[in-house]
Amino acid sequence: MESLPKVVKRRVNALKNLQVKCAHIEAKFYEEVHELERKYAALYQPLFDKRSDIVKAAYEPTDEECEWKADEEEELTDEMKEKAKLEEEKKDEEKEDPKGIPEFWLTVFKNVDLLSDMLQEHDEPILKHLQDIKVKFSDPGQPMSFTLEFHFEANDFFTNTVLTKTYKMRSEPDENDPFSFDGPEIMCCTGCTIDWTKGKNVTLKTIKKKQKHKGRGTVRTVTKTVPNDSFFNFFAPPEGKNDGDEDSEAVLAADFEIGHFIRERIVPRAVLYFTGEAIEDDDDDTEAVVLCVQEGEEEADEENDPDYDPKVRSPLPAHIHPPSKDLWCPEKDLTQLFSTLLAQDALSSSYWRPWVAAVIS
């Protein structure tokens, strides 16, 4: 900019003003996306409610609802099917008839690395009582937010039937730095008070320390209550961003990633995380993205190599492109494109929306 003539700088300033207007239009785009999410959440909810009823044994699905066509490679011969059926009947006779789908959500959590890393052994008996997770969006006309509701059956650990976590967002450019706008930004999150039964609070632990009296030299044992690692610390998050406090902002960002992942992936696809199928898909998609990134890095290295000759360079495989080309290439298979987007959407709440919008348009 410094080397540009004054008249050109003036025109560049005009372009910047246009860019600010673009940022405000983009903010409106995200607001409308939030409205769409709210609309379709209402359409999904009856299906999720039925899922919950099956999990907690409030509803027994019919034979027709339980029919599932296996993949071709999973299809068995009649003889194998009969043998498998007999083995299942034998197992059912050996144990009590389970109600619903025992430990459904606990299994989901243990199958997902992002969530299993938060779990402690003392959390598991509590999460066996988790019956459902719901997502509630802010009402029309209200500031952008969403709430995760964790529904528990009656248990010996706390009296709450629902634990909540609310994430409040802002979708507008910062007046002081409008060019930094990149979609909805998490502003704060609010947990809830857990009404623990006496002696059952797993977020606290009691430790004993020996203290020596400075004057008399006597030693006494002091009991202290200190914080304890637990999944249930998730409901006591940092309240909001503190300007200049990088640690607080990092904790808040990590907390938001977890909340976003539960909202976008766990709740809509819970059964696939229970069976492990969604985990396999995530692993496959992540490997594909890593391949694209590595290939892009290798290509950049080659182009920076003074001895590099594009005429003798081995051709790039048709199915692999550097990330930018891989995501935008118009002849790219859309299924692969969306798989790549799904693999990356846990990185940021707004990470995938511009790409989806571009594909739709």
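The residue count restarts for each chain, going from 1 along the sequence in the order it is written. Side-chain atom pairs in this predicted model are given and counted only at pLDDT of 80 or more, local residue features only at pLDDT of at least 70, and totals for whole chains, interfaces and linings cover all residues. For the side-chain quantities, the full set of heavy atoms in the structure was used; hydrogens and water were omitted.

> Got a minute to help me understand helix 1 (residues 6–55) in this structure?
Within an α-helix, residues lying three or four positions from one another point in the same direction, as the helix has 3.6 residues per turn. Compared with the 74 Å implied by 1.5 Å per residue over 50 residues, the 69 Å span of helix 1 between its first and last C-alpha is a close match. A residue's bend is the angle separating two fitted axes: one through the seven residues that end there, the other through the seven that start there. Segments assigned H or I by DSSP are reported as helices when at least four residues long, segments assigned E as strands when at least two residues long, and all are numbered from the N terminus. The largest bend in helix 1 is about 35°, located at Tyr-44, with the proline Pro-46 one to four residues further on. Ala-57, located one to two residues past helix 1, shows a positive phi value of around 65°. Expected span, for any helix, means 1.5 Å times one less than how many residues it has.

> Can you help me understand the confidence of the model for the protein chain in this one?
Low pLDDT means the predicted atomic positions in that stretch should not be read closely. Confidence of the prediction at every residue is given by pLDDT, a number between 0 and 100. Per-residue pLDDT for the protein chain averages 78, and the proportion of residues at 70 or more is 68%. Within the protein chain, the lowest mean pLDDT, 39, falls on helix 10 (residues 323–328), and the highest, 97, falls on helix 6 (residues 124–127). Here residues 288–293 is a poorly scored stretch, pLDDT under 50, and it has 9 contacts once near neighbours within four places are set aside; other chains count. Any pair of residues with heavy atoms lying within 4.5 Å of one another is described as a contacting pair. Every residue in residues 310–361 is under pLDDT 50, and counting partners more than four places away or in other chains gives 74 contacts.

> Please clarify how the packing of aromatic side chains should be interpreted in this entry.
The way to describe two aromatic rings as a pair is by their centre distance and the angle between their planes. For Phe, Tyr and Trp, where Trp contributes only its six-membered ring, two rings pair if their centres lie within 6.5 Å, and the inter-plane angle classes them as stacked under 30 degrees, edge-to-face over 60, or tilted in between. In this structure the tally under the stated criterion is 23 aromatic pairs. Each ring, one from Phe-29 and one from Tyr-30, has its centre 5.2 Å from the other, and the planes form 70°; the classification is edge-to-face. Buried residues are those whose accessible area, probed at 1.4 Å on protein chains only, stays under 20% of the maximum for their type, while exposed residues exceed 50% and partly exposed ones sit between those limits. Its relative accessible area of 32% is what places Phe-29 among the partly exposed residues. Look at Tyr-30 and you get buried, because its relative accessible area is 2%. Here a set of aromatic residues connected by ring pairs shows up, and it is made of Phe-109, Phe-150, Phe-152, Phe-158, Trp-196, Phe-231, Phe-232, Phe-234 and Phe-235. In our convention, an over-ring charge means Lys NZ or Arg CZ found within 6 Å of a ring centre and within 35 degrees of that ring's normal. Looking at Lys-165, its charged tip hangs above the ring of Phe-234, at a distance of 3.4 Å from the centre. If you follow Arg-263 out to its NZ or CZ, it ends over the ring of Phe-146, 4.6 Å from the centre.

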